[in-house]
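Residue-level listing of the chains:
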Amino acid sequence: DSRVFVITGASSGIGAATAHRAVEAGYRVVLGARSKDKLDALVEALGGASHALAVTTDVTKWEDNEALIAAAQDTFGSVDVVFANAGFGAARGWLNETPEHWHDMVLTNVLGAAYTVRAAIPALKATKGHVLLTGSVAGRKALPGSLYSSTKWAVTGMSESIRQDLNGTGVRTTLISPGGVETPFFDNPSQDRLEPDDIARAVLYAVSQPPHVDINEIFVRPIAQEG
Ligand code: NJP
């Protein structure tokens, strides 16, 4: 009866790497993203249905977030950790991204994260569980590139608001704020970035603390990153 770790944005990058580390640490994982084929392949790579469950999830849809948490409870019996990690970027200039791209990015990075956490709170209160959100270094200092930074500043504020809201419930809140990580988030490869597993290990560090310790934020930059 291992604990249950729900991850959005689990089909790729930081989310998939965290799924591997969580299973290694003894959790059963519930994987949410839109790409069913990738999630199914990840379930197999993680050892099959006794370790992992794939739930096709679009975090911008409230019902999908409710269904993700319900599937975790129905299949594995509880929800102990929720990692609201789904998101994507917009690295180009203010006039280079389309208004539609901004619309989807704000919905996903901000409202999607809020929906995931909201759907999970009742289950997490029952287990005195742990909420983690993927913010960014771009959510602590303004970086160039249109509107992405704004979405992650919103996640930074959301994380602290959730922490205060859940104070006294036994639920812990951690904001994971990465610098550059080598994932499909970028369309240009670079050797100067972190690996997704570097962030996954930070996530597992936060959740492996004693119950009275709440690691509220972790910044992780590659050593070569200046800004
Ligand atoms: O990127 P990637 P990362 N509903 O592209 C999913 C933040 N971050 O791991 O739905 C549900 O490998 C998508 O799955 P799919 C970043 O802002 C990154 O780097 O199947 N899921 C995929 O699994 C983001 O919050 C860097 O397309 C949705 C995942 O999101 C988080 O890290 C730096 C979705 C994206 O995986 C993970 O990004 C930083 C939706 N509507 C913060 N839309 C960095 N890489 O440098 C997308 O500071 N997904």
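As a starting point, this report considers the structure included with it. (Residues numbered from 1 in each chain as written. Predicted model: local features only at pLDDT ≥ 70, side-chain atom pairs only at ≥ 80, totals over all residues. Heavy atoms only, no water.)

A look at the overall build of the protein
A tally of helices and strands in the protein yields six helices and seven strands. Traced from its N-terminal end to its C-terminal end, the protein shows the element sequence β-α-β-α-β-α-β-α-β-α-β-α-β. What you see for the protein is a C-alpha radius of gyration of 16 Å, in line with the 17 Å of a compact globule of 227 residues. C-alpha atoms of the protein, sized along the principal axes, occupy 50 × 40 × 35 Å. Taking all 227 residues of the protein together, the buried fraction comes to 51%. Taking all contacts inside the protein whose residues are at least 6 apart in sequence as the whole, residues at least 24 apart take part in 65%. With the model as given, the accessible surface of the protein reaches about 10,700 Å², and the carbon-plus-sulfur share is 52%. Across the protein, the 19 positively charged side chains and the 25 negatively charged ones have centroids separated by 5 Å. (Helix = DSSP H or I, 4+ residues; strand = E, 2+ residues; numbered from the N terminus. Rg over C-alpha atoms; globule rule 2.2 N^0.38 Å. Buried < 20%, exposed > 50% of the residue type's maximum accessible area, 1.4 Å probe, protein only. Contact = heavy atoms within 4.5 Å. Areas by Shrake-Rupley, 256 points an atom, 1.4 Å probe, with all protein chains shown as cover. Lys, Arg positive; Asp, Glu negative; His and termini not counted. Charge placed at Lys NZ, Arg CZ, Asp CG, Glu CD.)

Describing the site of the ligand
Not every one of the 31 residues close to the ligand is listed here, only the nearest: S12, S35, S136, P178 and T183. The separation between an oxygen atom of the ligand and a polar side-chain atom of S35 is 2.5 Å. Taking 900 Å² as the accessible area of the ligand by itself, protein coverage stands at 93%. Those elements that provide at least two residues to the shell around the ligand are α1 (13-24) and α5 (148-165). Its residues assigned to classes, the shell around the ligand shows 12 nonpolar, 16 polar and three charged. (Near = heavy atom within 4 Å. Polar contact = N/O pair within 3.5 Å; in protein donor to acceptor, adjacent residues only side chain to side chain. Nonpolar A, V, L, I, M, F, W, Y, C, P; charged D, E, K, R; others polar.)

A closer look at unusual backbone geometry
Although it is not a glycine, K128 adopts a positive phi angle of roughly 50 degrees. Looking at where K128 falls in the secondary structure, it is placed in the loop between α4 (99-127) and β5 (130-134).

Overview of helix α6 (residues 196-207)
Taking 1.5 Å per residue as the helical rise, α6 with its 12 residues ought to reach 16 Å, and the 17 Å between its terminal C-alpha atoms agrees with that figure. Among all positions in α6, only P196, I199, A200, A202, V203, L204, A206 and V207 are buried. The elements touched by buried residues of α6 are β1 (4-8), α1, β4 (81-84), β5, β6 (172-178) and β7 (217-220). (Expected span 1.5 Å × (residues − 1).)

Things to note about the nonpolar core
In this structure, F5 and L31 are the most contacted members of the largest nonpolar core, which totals 32 residues. At the level of elements, β1, α1, β2 (28-33), α2 (36-45), β4, α6 and β7 are the ones that each hand at least two residues to this core. Counting 28 residues, the second largest nonpolar core, distinct from the first, contains V79, V117, I121 and I162. (Core = buried A, V, L, I, M, F, W, Y, C linked by side-chain atoms within 4.5 Å.)

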